[in-house]
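# Report on the structure
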Amino acid sequence: MPAFARGNRPASPDMDTVSPAAMLRRLCGTANFNLLELTAPAGLRAQLLPSGALHAFRHRETMLNQLLPGPAEDGLFRLLVRWTDQTGAPAGWAPLVGPGLAFGCDGRTATWHTTPAGRALACTTTLGLHPARSGWVWRVRLHNTGSSPQQLDLLHAQDLGLADEGAVRSNEAYVSQYLDLLPLADPQFGHVILARQNQPMADGRRPWLALACVQGAAGFCTDGWQFFGADHRLTGEPAAVRLPALPSKRLQYEFALGGLQSGLLSLAPGATAEVLFVAAYAEDHPAASSVADLSLLRDLLPATWLGPDAAVAQTVEGDALFANAAWLHGAQPHTADWSAWFPGTRR
C-alpha cells in the first residue's frame with residue numbers, strides 16, 4: 001500500500017506552497033442572494049430571488065416548500081398558462097412566475113408581467129400575504145389583446161416541505177413520506193389539496209397547508225412525478241403541459257407537491273379574466289385533515305386585501321444565466337459505443 005506521509009510522495013508545488021486556508025472556496029450562502037421578502041404579522045415570509053424566482057415560503061423555523069433554488073435556478077414552484085388548438089388539445093404554454101420576466105417587489109406584493117412569444121396575451125401575476133391570517137394569494141390577470149378568442153387554463157404546482165428546515169434540506173424524500181396529502185371536492189373550490197406533516201416537528205408541531213383555486217380547480221395532482229414526469233431534465237418542460245388534464249389521482253411517492261389545474265377560460269378579444277390560487281397555513285394541526293378545514297381557506301376571501309400590483313421592470317438575463325439558457329444535449333450512443341465502453345456481458 002502506498003504511503004501517504006508527506007516524506008513519501010513527490011513534492012507538489014500546489015500542495016506544498018499554498019496554505020490550506022487559501023485553498024478553501026467559500027460557498028455562497030443565502031445572505032449573498034440579495035433576497036427580496038414579503039412579510040406578514042402572522043409570521044409568514046415569502047422570499048424571492050432578484051431574478052423573479054420564488055426562493056421560499058417560511059413560517060418561523062418551518063420551511064413550507066421543499067427546494068431552495070440559488071440565483072441560477074428556478075426551483076420547483078410553477079405557475080403556468082396554457083393555450084389550446086381548435087381541437088381543444090394543449091398547443092403551448094408559458095411561465096407566469098420565474099426568471100426572465102418583468103418583475104417587481106415593493107415589500108407588500110410581488111408582481112410579474114409577461115406577453116408569451118407569438119401570443120396576443122398580456123399576463124400579470126401578483127403574490128401577496130394576508131395582512132392578519134396565515135395565508136397567501138396568487139392573482140393572475142389574463143388580457144386578450146388580439147382579434148381572436150382564446151381558450152386558456154392555468155397550472156399551479158407548489159412543492160411541499162412543511163417541516164423544520166434542517167429536516168427538509170437533509171432529506172426531501174424522507175420528509176415527503178410523512179406528508180399526508182388529502183384531495184377533497186368542494187362546491188366552490190372544486191378540487192382542494194390539504195397537506196399535513198404527520199411527523200412531529202420542534203415542540204411537537206404538525207405543520208399544515210391547504211391549496212385551492214378560488215374560481216374552481218378542474219384537476220389536481222399530489223406528487224412531482226405526476227407534474228414534472230420522468231423526462232423533465234431532458235425536455236426542460238413539465239410533462240403536465242402536454243396532458244389534457246392533471247390525473248386527479250392521489251399519489252404519495254417521494255416528491256410531495258400540490259398541483260391544481262384551473263377550469264378552461266374562454267377569453268374573447270379585448271376581454272380580461274382573473275384567476276386566484278389561495279393557500280392557508282396552520283403552524284400546528286394536531287388532528288387529521290378534514291372537510292371542516294376548508295373554512296380556513298374561506299377566511300382569506302375575498303382577496304380585496306391584496307391591493308394593487310407592484311411596479312415591474314425587466315430582470316437582467318445574467319442574474320439567472322442557467323435558468324434562461326437553452327438545453328444542450330449530447331449525441332445518442334450507438335450499440336457499438338456501448339460495446340466499446342462496457343465490453344462483455346451486460347446485465
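The residue numbering used here restarts from 1 in each chain and proceeds along that chain's sequence as written. Reporting in this predicted model follows two pLDDT cut-offs: at least 70 for local features of residues, and 80 or more for side-chain atom pairs to be given and counted; totals over whole chains, interfaces and linings ignore these cut-offs and use all residues. Here the side-chain values reflect all heavy atoms present in the structure, with hydrogen atoms and water set aside.

Let's shift gears to the overall build of the protein chain. Helix and strand counts for the protein chain stand at nine helices and 20 strands. Residues classed as buried in the protein chain amount to 46% of the 347 residues present. Contacts: residue pairs with any heavy atoms within 4.5 Å of one another. Within the protein chain, contacts between residues at least 6 apart in sequence are counted, and of these 67% link residues at least 24 apart. Surface accessibility in these figures is a Shrake-Rupley result with a 1.4 Å probe; residues are shielded only by whichever protein chains are displayed. When the accessible surface of the protein chain is split by element, carbon and sulfur atoms take 56% of a total near 17,100 Å². Runs of H or I in DSSP of at least four residues are treated as helices and runs of E of at least two as strands, each being numbered from the N terminus. Only protein chains enter the accessibility calculation, which uses a 1.4 Å probe; a residue whose area is less than 20% of its type maximum is buried, one above 50% is exposed, and one in between is partly exposed.

The method works on a 1 Å grid over the protein atoms by themselves. A cavity is a set of points holding a 1.4 Å probe that cannot get out, a pocket is an open set with protein on both sides within 12 Å along at least five of seven lines, and residues with an atom within 4 Å of a point line them. Grid points are joined across faces, edges and corners, and a volume is the space filled by probe spheres set on the points. The tally for this structure, following the rule as stated, stands at one cavity of 30 Å³ or more. The volume enclosed by the largest cavity comes to roughly 40 Å³. Taken together, Leu54, His55, Asn65, Leu67, Pro69, Asp74, Gly75, Leu76, Phe77, Gln158 and Asp159 form the lining of the largest cavity. Of all the secondary structure elements, the ones that give two or more residues to the lining of the largest cavity are strand E3 (54-59) and strand E11 (150-159).

Each aromatic pair joins two rings of Phe, Tyr and Trp (for Trp, the six-membered one) with centres within 6.5 Å, and gets the label stacked for planes under 30 degrees apart, edge-to-face for over 60, and tilted for any other angle. All told, the structure shown has ten aromatic pairs when counted by the stated rule. Both rings, one in Trp338 and one in Trp341, keep their centres 5.6 Å apart while their planes meet at 80 degrees; by these two values the pair is edge-to-face. Placement of the pair is Trp338 and Trp341 together in helix H9 (residues 335-341), with a separation of three residues, close to one helical turn. Ring geometry for Trp338 versus Phe342: centroids 6.1 Å apart, planes at 25 degrees, classification stacked.

This part is about the sheet that holds strand E12 (residues 163-164). Here, a strand pair is defined by DSSP locating no fewer than two bridges between the strands. In spatial order, the strands read E1-E2-E3-E4-E12; together these five strands make up an open sheet with antiparallel pairing. What marks the edges here is a single partner per strand, and that holds for strand E1 (36-39) and E12. Alignment of E3 against strand E4 (residues 62-63), held across two bridges, turns out to be antiparallel. Each bridged residue has a counterpart across the sheet, and for Arg58 the counterpart in E4 is Met63.

Only one rule defines a salt bridge in this text: a Lys or Arg side-chain nitrogen within 4 Å of an Asp or Glu carboxyl oxygen. Scanning all chains against the criterion turns up 16 salt bridges. Between Arg133 and Asp299 there is a salt bridge, with its nearest N and O atoms 3.8 Å apart. Taken together, the residues span a long stretch of sequence, with Arg133 in the loop between strand E9 (121-129) and strand E10 (135-144) and Asp299 in the loop between helix H7 (294-298) and strand E20 (313-314) at a distance of 166 residues. Among the residues examined, Arg133 registers a relative accessible area of 42% and is labelled partly exposed. Taking the relative accessible area as the measure of exposure, Asp299 reaches 35% and is therefore partly exposed. Between Arg141 and Glu274 there is a salt bridge, with its nearest N and O atoms 2.9 Å apart. Here Arg141 is found in strand E10, whereas its partner Glu274 is found in strand E19 (residues 272-282), with 133 residues between them in sequence.

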